[in-house]
Amino acid sequence: MTANNSDEEKTPLFKSWSGWYRLVIGFLVVCIAVFYWLTKFFS
Amino acid sequence: MSRPDWIVLALTLLGTIAYGLYKGRTTKDLDGYFLSNRMVPWYMVLLGIMGTQASAVTFLSAPGQAYTDGMRFVQYYFGLPLAMVVLCISFVPVFHRLKVYTAYEYLEQRFDLKTRTLTSSLFLLQRALSTGISISAPSIILSSLLGWDIVWTNIFMGGLLIIYTVSGGAKAVAYTQQLQMIIIFGGLTIAGYLVVHRLPEGVGLTEILHIGGKAGKLNIITTGVRQGGGFDWSDRYNLLSGIIGGFFLALSYFGTDQSQVGRYLTARSLTESRLGLLMNGLVKVPMQFLILLLGVMVFAFYQYNHEPVFFNKSQVDLLAHSKYKDSLAIVNGKYENAENQRLNLMSMRSPGSAGSPSAIVDPSLLSQQTEALEKEKAGYKATIRRWLSDPSVGGESNDTNYIFLRFVTDYLPKGLVGLLIAVIFLAAWGSIAATLNSLASCIIVDFHKRYSKKTLPPHREYRLSQLYTFFWGIFCVGSALLVNNLGNSLIEAVNVLGSLFYGVILGIFLVAFYRPKVGGWPVFISAIVVEIGIVVLNILGRKGIVPLGFLWFNLIGAAGVVLLSEVLQGVMKKK
């Protein structure tokens, strides 16, 4: 099932919600990478 | 607590109630009472979601967990941002389009009444049980550490919020959560600043990270792979269980738990709901990281300051009146001796000390001596825990949840202690108020209105909603009073209890959204069978027969319902 007609509302900052989804997932990846570095560096 | 602490605590709590009552003046119908007339902006949705998820135990337990077990608990939240994305794509648009009050209303439209009733019942059962525990767990900790009466602590923890929740409904919940989160973050930031401020000169954040890292507290990313090879399925927090198990837990919690669904249904539009959820996906992991880092900071603090042999004072008092009282005095004496020696060594090592370290003594020798003293201390602590575990003593051998609060009461200045205690109360209130509102909305929308043959006028529905909210408030405080004697094991029970139900509820919704050919009966039967299976699995796990971390129940429950309902649909179609 996909998003419905209400999606016609304008997406803030990005052209579509896909931009937001990419931002959230990308930020998670960056967080995990930073945490991995912290774990290795300070262990 | 000192008088300034009492004043700060009382003003903060009374101010919150007054603010809730003032802001909660709402339209006197169901839309106003349960959905704030769908007028809430995204940032309030965000704070509402965060305030509902973060209970008092979150703030009490997380720093202590980092202190003892390290920061790997943060991995528990790795699946959350992914779940926010899936929710925004699939769940939220449907809920908004259908303009439902509860998530379970959708299931009747998709399947049938019995599936809606079953799912709503599972939610009510799980939430009603766990809310009692959510009130009791922080009450036990506060009463134990501060010597407060447990009954009154429970009543204040779970009872005062009833005033504004009954009066103002979802609107009061949303506005007070906003205020509560600001006070909570402010309180924790000040506490974090003071921990660093009280460290010896020259010891800053980098040194804290080095101290934590050396002691194994910065184990933020763990693989869950055993030393001899092979994945440890019973390991609770690792990268894989965090991403997969955490994803299913978060998807179920935010997508199907009415206490959360009710928060983002109050948004003024689909866009505002999505923004609130996606922002939660962005800030949750860093926020949890910082709360855990506070635990590492406290750990670093106790490297330079006297660390108690056991953080829960009341349990040491318990031992002092048991058959171990003489042995306790001896162990205490030896522990104090070892701790004083260690502190002497640390003062020589600290960068800003007058008797400067490396010039006088070889640093590696100091390290060896410190490690030997740490081992000696660990032995004494283990002895205390063993005595507390003795059935004849009946003590609580885990003091993890007392670490942060003990630091607060022992070392923070007057006034700030009161503020930090208020933070614990407000965290509990934010979570419990949202739950009471959601329990009432389910009872009235999914049961009372659905099964009653009478149609009530809006003002009567509104009054009835207030009555149900009040009933749930009394029920939860009452159950908290009943479970008090179970001790700290309650805190773990809250987490496990959710995972027993969430997987199955999520499975029902996944079938509803993604398996359009599956009908009501297959999903209904599957949900019951899989729920029984999960409960059996939990019992087997507790007996050590099937060692499995509780996060995996979410995946098994959801996948079980989806697969079994597909099979049953196929079988029924053939017949």
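We now turn to the structure provided with this report. Note that the structure is predicted; figures quoted are calculated from it, not measured.

This brings us to the overall build of chain B. Across its full length, chain B carries 23 helices and zero strands. Against the compact-globule benchmark of 25 Å for 575 residues, chain B has a radius of gyration of 25 Å, which places it among compact chains. Projected onto the principal axes, the alpha-carbon positions of chain B cover approximately 85 × 55 × 45 Å. Sorting the 575 residues of chain B into buried and exposed places 52% on the buried side.

Attention now moves to the interface of chain A and chain B. With 23 residues of chain A in contact, the opposing surface of chain B contributes 32 residues. In terms of residue class, the side of chain A that touches chain B is built from 16 nonpolar, five polar and two charged.

Moving on, we get to unusual backbone geometry. With a phi close to 70 degrees, L13 of chain A is a non-glycine residue in the positive phi region. Along the polypeptide, L13 of chain A turns up in the segment before α1 (17-42). Despite not being glycine, S36 of chain B has its phi angle at roughly 50 degrees, a positive value. Locating S36 of chain B in the fold gives a position in the loop between α2 (30-35) and α3 (42-53). With 28 C-beta atoms counted inside 10 Å, the residue S36 of chain B sits in the buried group.

All names here are of chain B. Between its terminal C-alpha atoms helix α1 (residues 3-23) stretches 30 Å, which fits the 30 Å expected from 21 residues at 1.5 Å a residue. Within the sequence span of α1, burial applies to D5, V8, L9, T12, T16 and G20. Taken down its axis, α1 places every buried residue within 100 degrees of arc, on the same side. Residues of α1 that are exposed and point more than 90 degrees away from the buried face comprise R3, A10, L14, A18 and Y22. Looking at the buried residues of α1, the elements they touch are α9 (161-197) and α19 (416-451).

Next up on the list: the environment of P458 of chain B. Looking at where P458 of chain B falls in the secondary structure, it is placed in helix α20 (residues 458-482). Distance in space between the C-alpha atoms of P458 of chain B and K28 of chain B is 7.5 Å, their sequence separation being 430 residues.

On to the nonpolar core, then. All names here are of chain B. The biggest cluster of nonpolar side chains holds 187 residues, and the ones touching the most others in it are F59, L292, V296, V298, I424, I508 and V561. Considering every element that reaches this core, the biggest residue donor is α19, with 22 residues. Look past the residues within four positions of L292 in its chain and what remains in contact with it is A62, P63, A66, M71, F73 and V74.

Rules and cut-offs
Residues numbered from 1 in each chain as written. Chains lettered and ligands numbered in written order. Predicted model: local features only at pLDDT ≥ 70, side-chain atom pairs only at ≥ 80, totals over all residues. Helix = DSSP H or I, 4+ residues; strand = E, 2+ residues; numbered from the N terminus. Rg over C-alpha atoms; globule rule 2.2 N^0.38 Å. Buried ≥ 20, exposed ≤ 12 C-beta atoms within 10 Å, placed from the backbone. Contact = placed C-beta atoms within 7 Å. Nonpolar A, V, L, I, M, F, W, Y, C, P; charged D, E, K, R; others polar. Expected span 1.5 Å × (residues − 1). Arc of directions from axis to C-beta. Core = buried A, V, L, I, M, F, W, Y, C linked by C-beta atoms within 7 Å.

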